[in-house]
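# Coordinate inspection notes
For reference, the chains in residue letters:
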Amino acid sequence: MKLVAGLGNIGDKYCFTRHNAGFMVVDKMAIMHDVEFKEEKKLKCFLGKYKHGFDDIMLIKPTTFMNLSGDAVQLVMNYYKIPVEDLIVVYDDLSLELGKIRFRPNGSDGGHNGIKSVIKNLSTQQIARLKIGIGPQPPVPSETFVLQNFYKDQLETLKPVLKNSVEALEYYFDNGMQKAQNMYN
């Protein structure tokens, strides 16, 4: 079983904010595979599953808000006995230009509180990730910028990025990190 953890904040207020790019990718994946999310209160997330080849793919959206995302990821991994090698986290990245995506096999949190929480809870930086570009950041504090809604033209730019991200994740499931990086970074 593969676990795709999209990071974001729950609630209509945050639906189209830049910080919810991870949720948007997981939502697009769910739509493309006719997956319905069900709230799992004890696991602190919305959860859905589908089949990809021989693998079960589990999609989660933590209900903990961004800064505690690791709580939900850890609960799901423990409950379903999913090793860290079968986890990929999808989240927004300020340093990447809007329209770009980037796979990374591991690394630091880069100042992102969601992945920081996941790293802390799992006690490792060896976490596969797909970063969704939301930059460049204007001269406002990052906390303000990421919680603003995408502008209408940015949402139009983002639509093909979401579809491309789903295709990229499925390519990653079939071909591994190195080939996914070569193809999509």
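Summarised in this report is the structure supplied together with it.

Basis of the calculations
Residues numbered from 1 in each chain as written. Predicted model: local features only at pLDDT ≥ 70, side-chain atom pairs only at ≥ 80, totals over all residues. Heavy atoms only, no water. Pairing = 2+ DSSP bridges. Helix = DSSP H or I, 4+ residues; strand = E, 2+ residues; numbered from the N terminus. Axes fitted to C-alpha atoms, helices over the stretch in contact; angles between N-to-C directions. Contact = heavy atoms within 4.5 Å. Salt bridge = Lys/Arg side-chain N within 4 Å of Asp/Glu carboxyl O. Buried < 20%, exposed > 50% of the residue type's maximum accessible area, 1.4 Å probe, protein only.

### Let's talk about the sheet that holds strand β2 (residues 38-40)
- The strand order across the open sheet formed by 7 strands is β2-β3-β4-β1-β5-β7-β6, and the pairing between neighbours is mixed. The strands lining the two open edges of the sheet, one partner per strand, are β2 and β6 (101-104). Within the sheet, the average angular offset between the axes of one strand and its neighbour, ignoring direction, is 30 degrees.
- Relative to strand β4 (residues 55-62), strand β1 (residues 2-6) runs parallel, the two being bridged by 4 bridges. Pairing of K2 across the sheet is with I57, part of β4.
- Most of the contacts of helix α3 (residues 113-122) go to strand β5 (residues 87-97), to which it runs at about 145 degrees, and overall it touches β5 and β7 (128-135).
- Along the sheet face, helix α6 (residues 177-184) touches β6 and β7 and points at about 160 degrees away from the line of β6.

### Examining the pattern of salt bridges
- The final tally for this structure, using the stated rule, is 8 salt bridges.
- A salt bridge links K61 to D27; the shortest N-O distance between them is 2.7 Å. With K61 in strand β4 and D27 in helix α1 (residues 21-32), the pair connects residues that are 34 residues apart, well separated along the chain.
- Using a relative accessible area of 26% as the deciding quantity, one classes D27 as partly exposed.
- With a shortest N-O distance of 2.7 Å, K163 and E167 are connected by a salt bridge. Taken as a pair, K163 and E167 lie in helix α5 (residues 152-175) at a separation of 4 residues, close to a single helical turn.
- The class for K163 is partly exposed, based on a relative accessible area of 41%.
- The class for E167 is partly exposed, based on a relative accessible area of 34%.

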